[in-house]
Amino acid sequence: MLAVAHRFSVAPMMRYSHFPARQLWRFLCPPALLYTEMLTAEAVIYGRREQLLKLPAEQQPVVVQLGGASPDRLAEAARIAEAMGAAEINFNCGCPSPRVRCGHFGASLMKTPELMARCVEAMAAAVQVPVTVKCRLAVDDMDAETALDDFCRRVFAAGARALVVHARRAWLDGLNPAQNRTVPPLDYARAYRLKESIGDKSIIINGGINTVEEALRHLIKMDGVMLGRAVVRSPYMLAAVARNIFGITPPERCAALRYMLEKAAQSPPRTWSQYVSALAGLFHGEPNNKYYRRRLALPQAAALRALCEE
Ligand SMILES: Cc1cc2nc3c(=O)[nH]c(=O)nc-3n(C[C@H](O)[C@H](O)[C@H](O)COP(=O)(O)O)c2cc1C
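Residues numbered from 1 in each chain as written. Predicted model: local features only at pLDDT ≥ 70, side-chain atom pairs only at ≥ 80, totals over all residues. Heavy atoms only, no water.

- Identification of the protein chain as tRNA-dihydrouridine synthase from Candidatus Doriopsillibacter californiensis is taken from an unreviewed UniProt entry.

**Description of the nonpolar core**
Here is step 1 of the chain: Among the nonpolar cores identified, the biggest contains 100 residues, and Phe8, Ile89, Phe91, Leu163 and Leu282 are the most heavily contacted of them.
Here is step 2 of the chain: Summarising the domain contributions, this core has at least three residues from each of domain 1 (4-244) and domain 2 (253-309).
Here is step 3 of the chain: Non-local contacts of Leu163, meaning those with residues more than four positions away in its chain, are made with Val133, Cys135, Cys152, Val155, Phe156, Leu194, Ser202, Ile203 and Ile204.
Here is step 4 of the chain: Judged by nonpolar contacts, the second largest core, of nine residues, contains Ala5, Leu33, Ala162 and Val164. (Core = buried A, V, L, I, M, F, W, Y, C linked by side-chain atoms within 4.5 Å. Buried < 20%, exposed > 50% of the residue type's maximum accessible area, 1.4 Å probe, protein only. Domains from an automatic or database assignment. Contact = heavy atoms within 4.5 Å.)

**So, the domain arrangement of the protein chain**
Here is step 1 of the chain: Along its sequence, the protein chain is carved into domain 1 (4-244) and domain 2 (253-309).
Here is step 2 of the chain: Using only C-alpha atoms to locate each centre, domain 1 and domain 2 end up separated by 28 Å.
Here is step 3 of the chain: Contact between domain 1 and domain 2 buries roughly 1300 Å² in total, counting both sides, with carbon and sulfur atoms accounting for 66%.
Here is step 4 of the chain: It is Gln23, Phe27 and Tyr236 that lose the most area in domain 1 upon contact with domain 2, and together they represent 37% of the buried surface on that side.
Here is step 5 of the chain: Counting the contacts that link domain 1 with domain 2 gives zero salt bridges.
Here is step 6 of the chain: Summed over the shared surface of domain 1 and domain 2, the result is two residue pairs in polar contact (both at pLDDT 80 or more).
Here is step 7 of the chain: Breaking the side of domain 1 that touches domain 2 down by element, the ones donating at least two residues are α1 (19-28) and α10 (229-233).
Here is step 8 of the chain: The element best represented in the side of domain 1 that touches domain 2 is α1, accounting for six residues.
Here is step 9 of the chain: Taken together, the residues of the side of domain 1 that touches domain 2 break down into eight nonpolar, four polar and one charged. (Buried area = accessible area lost by both parts, 1.4 Å probe. Salt bridge = Lys/Arg side-chain N within 4 Å of Asp/Glu carboxyl O. Polar contact = N/O pair within 3.5 Å; in protein donor to acceptor, adjacent residues only side chain to side chain. Helix = DSSP H or I, 4+ residues; strand = E, 2+ residues; numbered from the N terminus. Nonpolar A, V, L, I, M, F, W, Y, C, P; charged D, E, K, R; others polar.)

**Some details on the site of the ligand**
Here is step 1 of the chain: Of all residues adjacent to the ligand, which total 18 residues, the nearest are Pro12, Gln65, Asn206, Gly208 and Arg229.
Here is step 2 of the chain: A distance of 2.6 Å separates an oxygen atom of the ligand from a polar atom in the side chain of Asn206.
Here is step 3 of the chain: One of the side-chain nitrogen or oxygen atoms of Arg229 is found 2.7 Å away from an oxygen atom of the ligand. (Near = heavy atom within 4 Å.)

**Description of the pairing of strand β7 (residues 202-206)**
A regular strand carries its side chains on alternate faces of the sheet.
Here is step 1 of the chain: Here β7 lies mainly inside the structure; five of its five residues are buried.
Here is step 2 of the chain: Burial along β7 is two-sided: Ser202, Ile204 and Asn206 facing one way and Ile203 and Ile205 facing the other are all buried.
Here is step 3 of the chain: Traced from strand β6 (residues 162-166) through helix α8 (residues 188-198) to β7, the parallel crossover comes out right-handed.
Here is step 4 of the chain: Pairing of β7 with strand β8 (residues 224-227), which is carried by three bridges, proceeds in the parallel orientation. Each residue of the ladder has a partner; that of Ile204, found in β8, is Gly224.
Here is step 5 of the chain: In this fold, β7 hands off to helix α9 (residues 212-221), which returns the chain to β8; that crossover is right-handed. (Right-handed = clockwise from strand over helix to strand, strands pointing away. Pairing = 2+ DSSP bridges.)

**Points about a positive patch on the surface**
Here is step 1 of the chain: Side chains of Arg15, Arg181, Arg229 and Arg233 sit close together on the surface and give a patch of like positive charge.
Here is step 2 of the chain: By secondary structure assignment, the location of Arg233 is in helix α10.
Here is step 3 of the chain: Given the relative accessible area of 43%, Arg233 is considered partly exposed. (Patch = residues over 30% accessible without salt bridge, like charges linked within 9 Å, V, L, I, M, F, W, Y side chains within 5 Å. Areas by Shrake-Rupley, 256 points an atom, 1.4 Å probe, with all protein chains shown as cover. Lys, Arg positive; Asp, Glu negative; His and termini not counted. Charge placed at Lys NZ, Arg CZ, Asp CG, Glu CD.)

**Here's the deal with the side chain of Lys134**
Here is step 1 of the chain: Following the sequence through the fold, Lys134 ends up in strand β5 (residues 131-136).
Here is step 2 of the chain: Buried charged residue Lys134 carries no salt bridge. Nearest counter-charge: Glu88, at 12 Å.
Here is step 3 of the chain: For Lys134, the residues in contact, after removing those within four places along its chain, are Pro12, Gln65, Asn90, Phe91, Asn92, Cys93, Gly94, Val164, Asn206 and Met226.

**Thoughts on the pattern of salt bridges**
Here is step 1 of the chain: Counted according to the given criterion, the structure contains nine salt bridges.
Here is step 2 of the chain: Between Glu42 and Arg73 there is a salt bridge, with its nearest N and O atoms 2.5 Å apart. One end of the pair, Glu42, is in helix α2 (residues 41-46); the other, Arg73, is in helix α4 (residues 71-83), with 31 residues separating them in the sequence.
Here is step 3 of the chain: In this structure Arg73 comes out as partly exposed when scored by relative accessible area, which is 35%.
Here is step 4 of the chain: Residues Glu286 and Arg253 are paired through a salt bridge, measuring 3.4 Å at the closest nitrogen-oxygen approach. Of this pair, Glu286 sits in the loop between α13 (272-279) and α14 (289-296) while Arg253 sits in helix α12 (residues 253-265); the two residues are 33 residues apart in sequence, bridging distant segments of the chain.

**What to know about the UniProt feature "domain: DUS-like FMN-binding" (unreviewed entry) in the protein chain**
Here is step 1 of the chain: UniProt annotation of "domain: DUS-like FMN-binding" (unreviewed entry) refers to residues 10-296 when read in the numbering used here.
Here is step 2 of the chain: As annotated, residues 10-296 comprises 44% helix and 14% strand, and the C-alpha atoms at either end are separated by 23 Å. (UniProt positions renumbered as here; feature names shortened; annotations may be inferred.)

Structure, rendered in structure tokens:
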């Protein structure tokens with residue numbers, strides 16, 4: 001059975017799940033499982049890993065999401081990520097972007113389940129931490145009934161400990177990544193059937209979940225829920241998650257703002273735009289949101305200074 005953190009996770013999102021955002025999310029909801037943005041195996045092996053894999057103990061548990069299609073390179077990247085502090089390795093089998101498609105990884109791997117399984121086996125053999133997979137219901141005109149069942153069985157047979165299902169199909173031709181997150185219809189019932197057929201294996205549902213109430217309804221049928229855009233839009237929803245899913249008292253919005261301003265002040269100026277982006281939705285739905293957003297819209301350094309002076 002998975003750890004309690006898997007009951008709720010914040011999705012991996014390129015350009016959003018960066019270090020400063022994870023600081024805010026962790027502060028608001030200590031038990032949630034957080035993900036990095038997808039990192040290619042090559043970026044981890046050859047890139048600036050101190051920046052890409054900054055995973056301090058106070059931010060844990062953090063899952064490092066890897067993309068790639070070479071079992072050897074993925075195993076090496078997983079080993080590096082584990083040594084740098086990854087609590088878990090997640091394998092991206094759901095990204096439909098053209099760049100990823102050219103490399104035959106991401107969602108394309110749903111069409112080559114043997115290769116997906118070899119990649120998972122290689123990573124699972126290389127690390128002690130759990131390896132998990134994130135996928136779609138199907139890709140292009142694949143059959144979302146039999147093909148998804150088969151994919152899922154291979155995922156677990158290869159040694160994965162959980163499967164995150166973004167509950168919509170991806171179209172690799174004709175839709176861009178943003179459209180692929182809105183146009184193909186959500187089909188939660190299909191994800192529920194998968195969970196019923198796979199029994200005691202952990203299946204986490206993702207896609208279009210906007211509120212804690214919706215999350216709680218999914219948790220009746222599924223092992224965990226993963227939310228992405230709703231958290232970016234309104235990070236303070238994590239306070240409701242802390243209270244209603246984990247039973248702990250969350251901090252106030254202003255405490256979160258103060259905490260983040262302190263962290264920004266201790267961080268290099270090149271990271272300030274990420275602090276501004278992480279904080280953008282903090283007062284979403286509040287009467288002072290417009291005033292706050294006007295302050296954040298100032299050039300980054302001035303925005304952070306102005307908020308400090310409030
Ligand atoms: C800007 C953006 C970037 C994303 N980047 C990734 C990524 O790096 N890896 C991944 O598996 N999914 C990525 N996704 C997909 C999300 O993880 C999630 O599956 C999707 O947004 C559906 O969940 P939601 O409706 O709760 O946002 C991204 C989504 C967005 C909006």
